[in-house]
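A look at the structure
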Amino acid sequence: MSVKIKNSSTGNKLTTFLVFIVLTSFALLPACKQTAVIPADPHQMVVSTHPAASKVGFDILKEGGNAFDAAIAVQFALAVVYPRAGNIGGGGFAVFHEANGRNGALDFREVAPISAFPKLYYEEENRVNYQASLIGSYAVGVPGTVDGMWKMHVKKGKLDWRQLIQPAINLAEKGVILTEQEAAHMNEYSRIIDSVSISPTVFGTKHWKAGDLFIQTDLANTLKLIRDNGREGFYDGPTADKLIRTIKIRHGIMRKNDLQRYTSVWRDALKGYYKDYTIITMPPPSAGGVMLLQMLFGADFLNIDKKGFNSTDYLHYLIEIQRRTYADRAEFFGDPDFNFVPVDKLLSPLFLEKKYKDIGPLATPSSAINPSTKVSIESFETTHFSVVDRWGNAVAITTTLNGNYGSKLVADGAGFLLNNEMNDFTIEIGKANQFGMVGGKMNEIVGGKRMLSNMTPTIIMKDKDLYAVLGTPGGSTIPTVVMQAAMNIMAFNMSMQAAVSAPKIHSQWMPDEVYYDQSLSPAVVDSLKKLGHIMKYTPLGKLNCIKRLPDGTLQGGTDTLKSDGSIMGD
Ligand code: DON
């Protein structure tokens, strides 16, 4: 290993499942969740889903770090304090805006192991083992997070790499005080984690309660290797050995050369417009950014903001725009390094006007919309965080293990959970997987290929100035939730917190249902039913966002109902 450490200044079942997950989460809510350190006029801010992670990022900003430094530190801290989604064994996307006017994206999405193939989960010609794409070694994509963070540090960072990783090591070594939510989640999942993993894990050591100190010694040691050796501390040496040993003992297909050849990719951010605003968002292999821009086009084209915020009329048109947008997802999207994704066509006014122009006053049954394939809703186990520094650099990162605690497989002796991102590929061509997702050919499994995503980290500019940093978890609901948060600030001039807290709706074409937040007015829900929409209650989004006011001060917005979301700024 030789790495230089930088020291310089550089349908029904589905709904039941979903409601169960969500209601379980609600039942576990702590009495007091939000931690905020926000004086009157903050000019630098971190908003994440955990107070300890926000504090780590905020401290880095105070120590003179830029938004990239803070984002790296938050990513590693979340791997310790929010292990169900924060990760070093997963992947994600970053979208950024720099004070010098440049925008960009970093794709640190997982890839399929090189020996994977389209029918990886077929046991026989007509028998597919779906479970294997969700739980255990076969579900694991080659992790991208550490490579992504290292690349970001080398190109955009200001502080020493060690300084960015040390706070996460401290949290793992000295322990983090569990919130009620974290304790409850660990109790719920520790048994399956222990049964999938090779040795008893730290998650299963006791029955956890709020206030317990959660110490992760193995993870601390792995983080030390990453601190001291950079990228190679994960993809080579003892960490790689432990990861691959775990996979081999569990008969998986990932090998050391998969780790060695993994590389995150700088991509041009996708750019679009809504009225006076410029939207900078994630390109493929996420479908999220394109769908966000498509929906904003539809909203502008049909002037739905004139119908009044969350009125029946507004929501009806929004639902119709959403279902037409999602109907195209599986046909057109896949890894752009393996397939041609016709982004220009998908965003061309001609294509979009045709798509949205026939929207009328009544619900269109989804079956009447000509589609290719279906998508699904997933549980809320990804996480998004937003950072703005005092110089005006902004970073939006959505990062994930995919499911709650990913594949449930812990890299033995290394203390971190491995993702189950392989389930985001088409598992069985033409058929829905257990979450209702029907995969298309564009997203079939190929060794080295990235699986399709919905994650939509997004930055909005107004008159060349930074205006907002947005993002949320929520699987297939991510693009619609980000779109509504964006509409709330752009079209309805809401504060960031109001935009985050406002009730949202989600239609994804199939199943032919509309999901709505509990706080949506019952009268509006009834009126939408009368128009022919099949309405189902499901909480939507766990947004962590920042809005910048014209005088340069920042507003944070976080989900205080469903998470321990935390805004820190000064
Ligand atoms: O990349 C994706 O779209 C999914 N793996 C994200 C999963 C997710 O958001 C789950 N819950 N919030």
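Structure: above.
What this report covers is the structure whose coordinates are included nearby. (Residues numbered from 1 in each chain as written. Predicted model: local features only at pLDDT ≥ 70, side-chain atom pairs only at ≥ 80, totals over all residues. Heavy atoms only, no water.)

Description of the overall build of the protein chain
Helices and strands together make up the secondary structure of the protein chain, namely 18 helices and 21 strands. Per-residue burial for the protein chain yields a buried fraction of 66% across its 570 residues. Carbon together with sulfur atoms contributes 54% to the accessible area of the protein chain, which is approximately 19100 Å² in total. (Helix = DSSP H or I, 4+ residues; strand = E, 2+ residues; numbered from the N terminus. Buried < 20%, exposed > 50% of the residue type's maximum accessible area, 1.4 Å probe, protein only. Areas by Shrake-Rupley, 256 points an atom, 1.4 Å probe, with all protein chains shown as cover.)

Focus on the pattern of salt bridges
Overall, the coordinates contain 34 salt bridges when judged by the stated rule. Here aspartate 424 and arginine 109 are joined by a salt bridge, their closest N and O atoms 2.8 Å apart. Of the two residues, aspartate 424 is situated in the loop between strand 13 (394-400) and strand 14 (458-462) and arginine 109 in the loop between strand 4 (103-108) and strand 5 (122-124); the sequence distance between them amounts to 315 residues. Each of Glu320, Arg323, Arg324, Asp358 and Asp512 takes part in a single network of salt bridges with overlapping partners. (Salt bridge = Lys/Arg side-chain N within 4 Å of Asp/Glu carboxyl O.)

Details of the packing of helix 5 (residues 161-174) against helix 7 (residues 217-229)
With their axes 8 Å apart at the nearest point, helix 5 and helix 7 run at an angle of 170° to one another. In terms of orientation, helix 5 lies roughly antiparallel with respect to helix 7. On the side of helix 5, the interface is formed by Trp161, Arg162, Ile165, Gln166, Ala168, Ile169, Ala172 and Glu173, while helix 7 contributes Thr217, Ala220, Leu223, Lys224, Ile226, Arg227 and Asp228. Classifying every residue of the contact of helix 5 with helix 7 by side-chain character gives eight nonpolar, two polar and five charged. (Axes fitted to C-alpha atoms, helices over the stretch in contact; angles between N-to-C directions. Parallel < 35°, antiparallel > 145°, perpendicular 65-115°, else oblique. Contact = heavy atoms within 4.5 Å. Nonpolar A, V, L, I, M, F, W, Y, C, P; charged D, E, K, R; others polar.)

Notes on the sheet that holds strand 11 (residues 277-281)
Strand pairing within a sheet occurs via backbone hydrogen bonds; the two strands may be parallel or antiparallel. In space, the six strands of this open sheet follow the order 10-11-14-15-19-20, with antiparallel pairing throughout. The open sheet has two free edges, formed respectively by strand 10 (270-274) and strand 20 (554-558), since each of these has just one partner strand. Each adjacent strand pair in this sheet contributes to an overall mean axis angle of 20°, direction not counted. Across the sheet, helix 11 (residues 288-301) touches strand 10, strand 11 and strand 14, and the angle it forms with strand 10 is around 15°. Across the sheet, helix 16 (residues 478-490) lies against strand 10, strand 11, strand 14, strand 15 (465-470) and strand 19 (544-548), angled at about 145° from strand 15, the strand it touches most. (Pairing = 2+ DSSP bridges.)

Observations regarding the pairing of strand 20
Within strand 20, four of the five residues are buried, which leaves it mostly tucked inside the rest of the structure. The pairing of strand 19 with strand 20 spans five bridges and is antiparallel. From the neighbouring strand, lysine 547 faces strand 20, where its bridge partner is glutamine 555.

Overview of helix 9 (residues 237-249)
The terminal C-alpha atoms of helix 9 lie 18 Å apart, and with 13 residues this matches the ideal 18 Å at 1.5 Å per residue to within 8%. Every buried residue belonging to helix 9 is among Gly237, Thr239, Ala240, Leu243, Ile244, Thr246 and Ile247, and all of these are buried. Those residues of helix 9 that are buried lie in contact with helix 7, helix 8 (232-235) and helix 10 (256-261). A positive backbone phi angle near 65° is found at histidine 251, which sits one or two residues after helix 9. (Expected span 1.5 Å × (residues − 1).)

Observations concerning the environment of isoleucine 253
Counting through the fold element by element, isoleucine 253 comes out in the loop between helix 9 and helix 10. By relative accessible area, which is 17% here, isoleucine 253 ends up buried. In this structure the C-alpha to C-alpha distance between isoleucine 253 and alanine 112, which are 141 residues apart in sequence, comes to 9.7 Å. Ignoring any residue separated from it by four or fewer positions in sequence, one finds isoleucine 253 in contact with Pro113, Ser115, Ala116, Leu120, Tyr138, Ile247 and Asp258.

As for the sheet that holds strand 17 (residues 514-516)
With mixed pairing, three strands are arranged side by side in an open sheet as 16-17-18. Every other strand in the sheet has two partners, leaving strand 16 (505-507) and strand 18 (535-537) as the edge strands with one partner each. Mean inter-strand twist for the sheet, computed between neighbouring axes without regard to direction, equals 30°. Bridge count between strand 16 and strand 17: three bridges; the pairing is antiparallel. Counted as the bridge partner of serine 507 is valine 514 from strand 17. Where helix 12 (residues 312-326) meets the sheet, it contacts strand 16 and strand 17, and its direction lies at approximately 35° from that of strand 16.

Focus: the nonpolar core
If you look at the biggest cluster of nonpolar residues, it comprises 85 residues, and the most contacted ones within it are Ile460 and Met490. No other element matches the nine residues that helix 16 contributes to this core. In this structure isoleucine 460 touches Tyr277, Thr278, Ile279, Asp465, Leu466, Tyr467, Ala468, Leu470, Ala486, Ile489 and Met490, once residues within four positions along its chain are discounted. Ala77, Ile165, Trp208 and Leu418 belong to the second-largest nonpolar core, a separate cluster that totals 79 residues. (Core = buried A, V, L, I, M, F, W, Y, C linked by side-chain atoms within 4.5 Å.)

Considerations on the side chain of glutamate 421
Position of glutamate 421 relative to the elements: it lies in the loop between strand 13 and strand 14. Discounting residues that sit within four places of it in the chain, glutamate 421 has contacts with Arg109, Glu110, Ala139, Thr400, Leu401, Asn402 and Met451.

Looking at the side chain of lysine 408
Structurally, lysine 408 can be placed in the loop between strand 13 and strand 14. Although lysine 408 is buried, it makes no salt bridge; glutamate 188 carries the closest opposite charge, 9.5 Å away. Filtering out sequence-adjacent residues up to four positions away, lysine 408 remains in contact with Tyr189, Ile192, Ile193, Val196, Ser197, Leu417 and Leu418. (Lys, Arg positive; Asp, Glu negative; His and termini not counted.)

Remarks on the packing of aromatic side chains
This model, assessed by the stated rule, comprises 18 aromatic pairs. The interplanar angle of 70° and the centroid separation of 4.8 Å between the aromatic rings of phenylalanine 234 and tyrosine 235 together place this pair among those described as edge-to-face. Taking the centre distance of 5.3 Å and the plane angle of 65° together, the rings of phenylalanine 309 and phenylalanine 492 count as edge-to-face. Separated by 183 residues along the polypeptide, phenylalanine 309 in the loop between helix 11 and helix 12 and phenylalanine 492 in the loop between helix 16 and helix 17 (496-501) bring together distant segments of the chain. Through a chain of ring-to-ring contacts, the aromatic side chains of Tyr189, Phe203, Trp208, Phe214 and Tyr405 assemble into a single cluster. The aromatic ring of tryptophan 266 is capped on one face by lysine 155, whose charged end is 4.7 Å from the ring centroid. Across from the ring centre of tyrosine 235, 4.2 Å away, lies the NZ or CZ of arginine 231, which sits over that ring. (Phe/Tyr/Trp six-rings, centres within 6.5 Å; stacked < 30°, edge-to-face > 60°. Lys NZ or Arg CZ within 6 Å of the ring centre and 35° of its normal.)

Function cannot be inferred from these measures alone, as they are strictly geometric.
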